[in-house]
Amino acid sequence: MNDASFCSALLQQPGITALIGNRASLSQIKQGAALPALVYQVVSSTDRPYLAAWNESTPVVLRLQINPLATSVDGVEAIAAAVRTALEWMHGTTADGVRVISIVAAGRGPYDKDNESGTWTRSFDYLITAEAQT
């Protein structure tokens, strides 16, 4: 399982892309990219050991952080709400060959504004338990 491509697939939901188009990127967006946009990062990934039969996959817990980028706080919150709504419906589905077991909201950071560009952001974290399809 490639954590980055799995998370990218999770974020390619119509409710999200309706707001940001194709402006979602791992780690950073291109300089001068139009807003609104979404930056995401896989902060950590840990195998969740459990007793399993020989050819069963092992669940993995990922911490996904999203950073909506917009010209206003309302824009940031709209993107965050679209992500939250999309992820709520991903339980039990498959994305990029990986079955989503659960997704839990795991906190959010403070608002931040880049005064030079006028861009607002706020981080939102999710804990995702998933396993590769065998």
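What you see is a predicted model; the values in this text were computed from it and never measured.

K.L.:
Go over the nonpolar core, please, and point to the residues and values.
P.N.:
If you look at the biggest cluster of nonpolar residues, it comprises 30 residues, and the most contacted ones within it are Phe 6, Ile 66, Val 83 and Ile 128. Of all the secondary-structure elements, those providing two or more residues to this core are α1 (3-10), α2 (14-20), β2 (37-47), β3 (60-70), α3 (73-88), β5 (98-114) and β6 (119-132). Per-element tally for this core: the top contributor is α3, with seven residues. With near-sequence residues (within four places) excluded, Phe 6 lies in contact with Leu 62, Ala 95, Asp 96, Val 98, Val 100, Ile 128 and Ala 130.

K.L.:
Give me the environment of Tyr 126: which residues, what numbers.
P.N.:
Relative to the elements of secondary structure, Tyr 126 occurs in strand β6. Taking C-alpha positions, Tyr 126 is 9.2 Å from Leu 87, a pair spaced 39 residues apart along the chain. Other than its neighbours up to four places away in sequence, Tyr 126 contacts Leu 62, Arg 63, Leu 64, Ile 66, Ala 80, Val 83, Arg 84, Leu 87, Ile 103, Val 104, Ala 105 and Ala 106.

K.L.:
Break down α1 for me, citing the residues and quoting the values.
P.N.:
Within α1, burial applies to Phe 6, Cys 7 and Leu 10. Take α1 and look down its axis: the buried residues cluster within an arc of 95 degrees, on one side only. The N-capping residue of α1, defined by a side-chain oxygen 2.9 Å from the backbone nitrogen of Ala 4, is Asn 2.

K.L.:
Would you mind going over the pattern of salt bridges in detail, with residue names and values included?
P.N.:
All chains considered together, the criterion is met by three salt bridges. A salt bridge links Arg 63 to Asp 125; the shortest N-O distance between them is 2.6 Å. Taken together, the residues Arg 63 in strand β3 and Asp 125 in strand β6 connect sequence positions 62 residues apart. Classification of Arg 63 by relative accessible area gives partly exposed; the value is 29%. Looking at Asp 125, the relative accessible area reads 8%, which means it is buried.

K.L.:
Describe the packing of aromatic side chains, listing the residues and the values that go with them.
P.N.:
Two aromatic rings are characterised by how far apart their centres lie and by the angle between their planes. Throughout the structure, instances matching the rule amount to zero aromatic pairs. Taking NZ or CZ as reference, Arg 122 lies 4.3 Å from the ring centre of Tyr 111, over its face.

K.L.:
Lay out unusual backbone geometry in plain terms, naming residues and giving numbers.
P.N.:
In the segment running from Leu 35 into Pro 36, the intervening peptide bond is cis, with an omega of 5 degrees. Within the secondary structure layout, Pro 36 lies in the loop between β1 (24-26) and β2. Notably, Ser 27 is not glycine yet its phi reads approximately 75 degrees, a positive angle. Following the sequence through the fold, Ser 27 ends up in the loop between β1 and β2. For Ser 27, a relative accessible area of 45% corresponds to the partly exposed category.

What counts and what doesn't
Residues numbered from 1 in each chain as written. Predicted model: local features only at pLDDT ≥ 70, side-chain atom pairs only at ≥ 80, totals over all residues. Heavy atoms only, no water. Core = buried A, V, L, I, M, F, W, Y, C linked by side-chain atoms within 4.5 Å. Buried < 20%, exposed > 50% of the residue type's maximum accessible area, 1.4 Å probe, protein only. Helix = DSSP H or I, 4+ residues; strand = E, 2+ residues; numbered from the N terminus. Contact = heavy atoms within 4.5 Å. Arc of directions from axis to C-beta. Polar contact = N/O pair within 3.5 Å; in protein donor to acceptor, adjacent residues only side chain to side chain. Salt bridge = Lys/Arg side-chain N within 4 Å of Asp/Glu carboxyl O. Phe/Tyr/Trp six-rings, centres within 6.5 Å; stacked < 30°, edge-to-face > 60°. Lys NZ or Arg CZ within 6 Å of the ring centre and 35° of its normal.

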